[in-house]
Amino acid sequence: MHNSTSSSSLGPGGLDLSQVFFKSISNTHPPSSTKRHTKISVIGVGNVGMAIAQTILTQDLVDELALVDAKPDKLRGEMLDLQHAAAFLPRTKIVASVDYSVTSGSDLCIVTAGARQNPGESRLNLLQRNLAMYKGIVPELVKYSPESILLIVSNPVDILTYVAWKLSGFPANRVIGSGTNLDSSRFRFLIADHLDVNAQDVQAYIVGEHGDSSVALWSSISVGGVPVLSFLERQQIAFEKETLEKIHKQVVESAYEVISLKGYTSWAIGYSVANLARSIIRDQRRIHPVSVLAKGFYGIDGGDVFLSLPAQLGRSGVLGVTNVHLTDEEIQQLRNSAKTILDVQNQLGI
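Residues numbered from 1 in each chain as written. Predicted model: local features only at pLDDT ≥ 70, side-chain atom pairs only at ≥ 80, totals over all residues. Heavy atoms only, no water.

(A) Highlighting the nonpolar core. Of all hydrophobic cores here, the largest spans 83 residues; its most connected members are I40, I56, L67, L108, I110, L150 and L334. Taken together, domain 1 (35–177) and domain 2 (180–346) each give at least three residues to this core, which thus spans both. With residues near it in sequence (within four places) discarded, L67 still touches V42, V45, A53, L75, M79, L82, V95, A96, S97 and V102. A216, I221, L244 and V251 belong to the second largest nonpolar core, which has 15 residues in total. (Core = buried A, V, L, I, M, F, W, Y, C linked by side-chain atoms within 4.5 Å. Buried < 20%, exposed > 50% of the residue type's maximum accessible area, 1.4 Å probe, protein only. Domains from an automatic or database assignment. Contact = heavy atoms within 4.5 Å.)

Shown next as C-alpha cells:
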C-alpha cells in the first residue's frame, strides 16, 4: 500500500513511457548533490492531521509528505483524496503507509495521533491512553529519521511533548509542542475584533500550559507597535481588569466550545501547525509561543517541564527563548502553570 504520485508508468513490453515522452539532451550530468529535498511526516490522519497535511500542501512547503496511521483503509483513502488534487496543487510527492519506514529521512515529524477528546472531557483524562500510544510511535520515528525535529500536537500537548522528548532521546531543541501557538492566535483575534484591527498587527502572547492554567501576558500586548496597557495609562483611560480576564476566559473556553459544537477542532490547528512547520523548514526564525523545555526560565525549577514560552524557531528547532518582560503576577501564574503540569507528570511515573 506504499503508494506515491510519482510512480513511472510502464507501457507495453515494460517500456518506461517517460523515456519515450521526453528526449534527453546530450552531455547530461546527474543532479547536483546539494539539491535540498524536504520531507514532512504527519502521524495520525484524523481531522487534525488531515487539516495540517492539507494546509502544508497548499502552502508548498515540502517536496514529500508522508502520512502514517493505524487504520489502513482510512489512510489510503486520505492519501488518494489528496493525490487526486495534484493538478491544483504545487508538486508534492504524497506517500502513506501503516509502516513507519515511509517516514524515513523526514526533516520534521508532526504527531497528531491520540485518543480523541470527548465533549466535556479534560485534556488530562486523555493522558494514560495517549502515553501507551506514544511508546509505539516515537521510537519508530527516531529509528527512521534520527536527525528530524519532532512537533507534538496531541493533547495534553505539554506533557506529551515531555514524553516524546524522554522517549526520543533527542536534544530538547528538537522536540517542540504546538503549545499555545493556537491559543495566542485566538487571543490576537479577540483583541483585534475588540479594537477592529487586523489580527496580524496585534502582538500578544498566551504562555504556560495549553489548557486551563494558561497565562495571558497583558503587560506585553501591542497593536501596531503601541504597547496597549501603558498607552491606556498615559491617556488616563480606565480599563476594566474584568474585560481583559473575560477575553482570556474566552480563549480558554473556545476550544471546548468548538468541540461541543462540531465535535472536534481542525482548521485553526491546521493553520497553526503549518505556520510552525514553515518557520522550522524554511528557517524563518520567527517567534512563536510553543511548548519547550522551560526549566531555568522565569524561576521554573521544579523539574523537567515543557510549557509554552515565546520561542524563536528555525531549521534546528528551538533557537532560543525570547526574554519577554513579565510582571511579578505573570511570573507567579507561569510558575503555577508549571506546577499544574508537573503534578500530573509525576502521577504518570515516567
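Moving on, there is more to tell.
(B) Inspection of the layout of surface pockets at higher detail. The volume enclosed by the largest pocket comes to roughly 960 Å³. Contributing to the lining of the largest pocket are 38 residues, with T112, A113, G114, A115 and R116 lying nearest its centre. Going through the elements one at a time, α2 (47–58), α4 (127–144), α6 (181–195) and α8 (241–262) are the ones with two or more residues in the lining of the largest pocket. Take the lining of the largest pocket: its biggest share by element is 3 residues, from α2. Grouping the constituent residues of the lining of the largest pocket by class yields 18 nonpolar, 14 polar and 6 charged. Summarising the domain contributions, the lining of the largest pocket has at least three residues from each of domain 1 (35–177) and domain 2 (180–346). A volume near 530 Å³ is recorded for the second largest pocket. (1 Å grid on protein atoms, 1.4 Å probe; cavity = no way out; pocket = protein on both sides within 12 Å on 5 of 7 lines; lining within 4 Å. Points joined across faces, edges and corners; volume = space filled by probe spheres on them. Helix = DSSP H or I, 4+ residues; strand = E, 2+ residues; numbered from the N terminus. Nonpolar A, V, L, I, M, F, W, Y, C, P; charged D, E, K, R; others polar.)

(C) Molecular detail of the packing of aromatic side chains. Going through the model one piece at a time under the given rule, you end up with 3 aromatic pairs. Centroid distance Y162 to W165: 6.1 Å. Interplanar angle 55°. Geometry classified as tilted. Highlighted residues: Y162 and W165, both in helix α5 (residues 157–168), separated by 3 residues, approximately one helical turn. Of the two residues examined, Y162 and W165, each falls in the buried class. Aromatic pair F187 and W218: ring centres 5.1 Å apart, planes at 75°, arrangement edge-to-face. Highlighted residues: F187 in helix α6 and W218 in the loop between β9 (215–216) and β10 (222–223), separated in sequence by 31 residues. Look at F187 and you get buried, because its relative accessible area is 0%. One aromatic cluster is present, built from ring pairs that chain together Y162, W165 and F306. In this structure, R174 packs its charged tip against the face of F170, placed 4.2 Å from the ring centre. (Phe/Tyr/Trp six-rings, centres within 6.5 Å; stacked < 30°, edge-to-face > 60°. Lys NZ or Arg CZ within 6 Å of the ring centre and 35° of its normal.)

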